[in-house]
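# Examination of the molecular architecture
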Amino acid sequence: MAIDFSSLPAYLRKFLLSLWAGWKITSNWTEPLLFMVYLIVKPLSSVLILIVMFYVITGSFTGEQLLFIYVGNAFFSIVRAGVSSVWVITEDREWFETIKPIFISPGSYLSHILGRTSAEFLFSVFSSVILLVAGFFVLKLPLGINLPLFISTIILTLIITTILALLFCSVAFFVGHGGEFIVEGASGFLYLFSGVIFPASTLPTFLRIIAEANPITHLTNFFRASLGVSAAPQVELWKFYLISLIILALSYFIFNRALKLALKTGMFDQKLGH
Amino acid sequence: MFKKILRELRAIRGRAYVRMVSIRRDLLLLPFQVILPVLAVAAYIYLYRFIGAPPEYGTLVLIGGVMTTYWLNVLWSMASQLYWERMMGNLQIYFLVPASKMSILLGMAVGSMYTTSIRALSTLFVGLVIFRLPIELKNPVAAILLFFLSLSALYGMGMLLSSVFLVWGREAWHLSSLFQEPIYLLSGFYFPVKSLGITLATVASLIPVTLALDGMRQVLIPGGEKMGFLPVWINILILAVMALVFPYLAYYGLNYMERLAKKEGRITTRWQ
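Rules of the game
Residue positions within a chain follow its written sequence, with the count starting from 1. Written order determines the labels here, with chains lettered from A and ligands numbered from 1. With the structure being a predicted model, the display of local features is reserved for residues of pLDDT at least 70 and the display and counting of side-chain atom pairs for 80 or more, all residues being used for whole-chain, interface and lining totals. Water and hydrogen atoms were dropped before computing side-chain values, which therefore reflect all heavy atoms in the structure. Think of it this way: any DSSP run of H or I at least four residues long counts as a helix, any run of E at least two long counts as a strand, and we number them from the N terminus. Both definitions apply: the radius of gyration is a C-alpha atom measure, and the globule rule equals 2.2 Å times residues to the power 0.38. A simple rule labels every residue: compare its accessible area, found with a 1.4 Å probe on the protein chains alone, to the largest value its type can have, and call it buried under 20%, exposed over 50%, or partly exposed in between. Nonpolar cores were defined as sets of buried Ala, Val, Leu, Ile, Met, Phe, Trp, Tyr and Cys residues, with membership established by side-chain atoms within 4.5 Å. Here, two residues are considered to be in contact whenever any of their heavy atoms come within 4.5 Å of each other. Buried area is understood as the total, over both parts, of accessible area removed when two parts are fitted together, assessed with a 1.4 Å probe. Basic side-chain nitrogens of Lys or Arg form a salt bridge, by our definition, when they fall within 4 Å of a carboxyl oxygen of Asp or Glu. We define a polar contact as two N or O atoms separated by no more than 3.5 Å, with the added condition that, inside protein, one atom must be a possible hydrogen donor and the other a possible acceptor, whereas residues neighbouring each other in sequence contribute only through side-chain atom pairs. One fewer than the residue count of a helix, multiplied by 1.5 Å, yields its expected span. Buried and open spaces are told apart on a 1 Å grid over the protein atoms alone, a cavity being a set of points where a 1.4 Å probe fits but cannot get out and a pocket being an open set with protein on both sides within 12 Å along at least five of seven lines. Residues with an atom within 4 Å of a point are the lining residues. Grid points are joined across faces, edges and corners, and a volume is the space filled by probe spheres set on the points. The nonpolar class holds Ala, Val, Leu, Ile, Met, Phe, Trp, Tyr, Cys and Pro. Asp, Glu, Lys and Arg form the charged class, and all remaining residues, Gly among them, are polar.

Within chain B, the regular secondary structure consists of 12 helices and 0 strands. In chain B, the succession of α and β elements from N to C terminus is α-α-α-α-α-α-α-α-α-α-α-α. Relative to the 2.2 N^0.38 estimate, which gives 19 Å for 272 residues, the radius of gyration of chain B is 19 Å and therefore close to what a compact globule would have. Along the first, second and third principal axes, the C-alpha set of chain B runs to 55 × 40 × 40 Å. Evaluated residue by residue, chain B yields a buried proportion of 60% over its 272 residues.

Now the structure itself:
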């Protein structure tokens, strides 16, 4: 049964079209095979850096610590997709100069941002899956799967990625350029304070508080637990869902305020060109 | 002749000014530019602590972190710059300016070095003051030579790459992106490059930052000699050659690519 696209609500149409545009923008600059290689090379290099660092010190390619590092890093590329949403604003405003037509077209601008971010999210999921499969078959990492926990974690990740997209886009409205600094800087912050490549207990006490208050630390641990790498975190999953949804509502509020302010001050479509 | 030199100097100053002033024009961006990049470096320092590495490895990461800021700048603000300018519709203005394109690129490099050095210094400050990482200035002359020669070679390489990116479309953006993590791996930003083995480390030595990192670690880290791949003087020698060759190649590359871009009508082509 074919779906009548025009009968869908405007926000959904905008979301789907932006998802499709995100896929096209990211992938059609080269041949499909080369694009697949591109998708794999970047995350593979980042994990190889960690493996070589581990090998230089321990002289081994096995161990619980490596498993911890490997899975955490594979997961982080998905979280990073939320931060990358900053590029949507930079591209729409500075490069493609399409921010005004997109804004006035039916459906909210938020639908567009979420559509573009979802494309990035799907690419990241693909890269992570490739990394985990490679870890299982090549490095013989002892990975298992707890399906209900895994599905719950992926849904939670989607919520957290949306929160990150809303918050970082709120900042991006007010910076003329330099999306790369926001992506790099914010990723660095999350990489340090999310227990991605080392447990939060490695940090000094005053920094550990930040890491333990950070929902992504617990999310990363849930992901590890869903793959049988470690025991499930102490936080109950339903409480985590509840907290995430409250933060999501708050982020939505912040985004709307930021958008209104950006429109009022004229920064929404301000083009610096330097 | 004097007027011509003066004009070129003005072009250098003009282009450098835009870069220098931009750091205080966007104050909201300042934390993202200066403070937050340090955190990624801190993550690698804590990773080494987690796996029980000696403190010298923290200094190794710190030097890698300092050079990362320059490498990212060369990629995103030098190599891809002419591509950005084309995307924003400024490129044709560059070609109308009565000055050499090399002067414009040189101005860009000077301005970039200034702004990037602020980021690099903040990374260095955090490493030395907050993490109290061990550092030992065993050979100050070699350290200074390595640093300045590597910057000259790196920005020369950026100028050369910018001529290639001039004719490319959206693949330029993705190529810059692709030059991040794989180069971090190949150049040994966070581990001694010799761990990759002789063949890979030799290939990696074609990138100036590999040689700079290898040399600087030997002269700045206590016991750093053990981490070295090539003797320091060889690193200096190769970097000196690169610092001359890359700008020279950039000059010819830019002229060739400019002709090609004009012939194929790519100077004003946007969004492709």
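A:F173 and A:I197 are the most contacted members of the largest nonpolar core, which totals 177 residues. If one sorts the elements of this core by residue count, helix α3 (residues 56–79) of chain B sits on top with 15 residues. When neighbours within four sequence positions are excluded, A:I197 is seen to be in contact with A:L50, A:F68, A:I69, A:N73, A:Y191, A:R224, B:A43, B:Y44, B:L47 and B:F50.

Time to look at the interface of chain A and chain B. Facing the 54 residues of chain A at the interface are 47 residues of chain B. Counting the surface lost from both chain A and chain B, the interface buries some 4700 Å², and carbon and sulfur atoms represent 74% of this. At the boundary of chain A and chain B, one finds 1 salt bridge. Note that A:K42 and B:E181 form a salt bridge whose closest N and O atoms lie 2.9 Å from each other. The tally of links between chain A and chain B comes to 6 residue pairs in polar contact (both at pLDDT 80 or more). Among the secondary structure elements, those contributing two or more residues to the side of chain A that touches chain B are α1 (10–27), α2 (32–58), α3 (64–83), α4 (86–95), α7 (147–172) and α8 (179–193) of chain A. Broken down by element, the residue count for the side of chain A that touches chain B peaks at 13 residues, all from α2(A).

Take helix α6 (residues 101–130) of chain B next. When the terminal C-alpha atoms of α6(B) are compared, their 43 Å separation across 30 residues agrees well with the 44 Å that a helix rising 1.5 Å per residue should span. Note on α6(B): the residue one or two positions beyond its end, B:R132, has a positive phi of about 50°.

Right, let's talk about the layout of surface pockets for a bit. Residues and elements named next belong to chain B. If you add up the space inside the largest pocket, you get close to 400 Å³. Secondary structure elements with two or more residues in the lining of the largest pocket: α3, α6, α7 (140–167) and α11 (208–220). The biggest single contributor to the lining of the largest pocket is α6, with 5 residues. In terms of residue class, the lining of the largest pocket is made up of 16 nonpolar, 1 polar and no charged.

Spatial relationships are all this shows, so hold off on functional conclusions.
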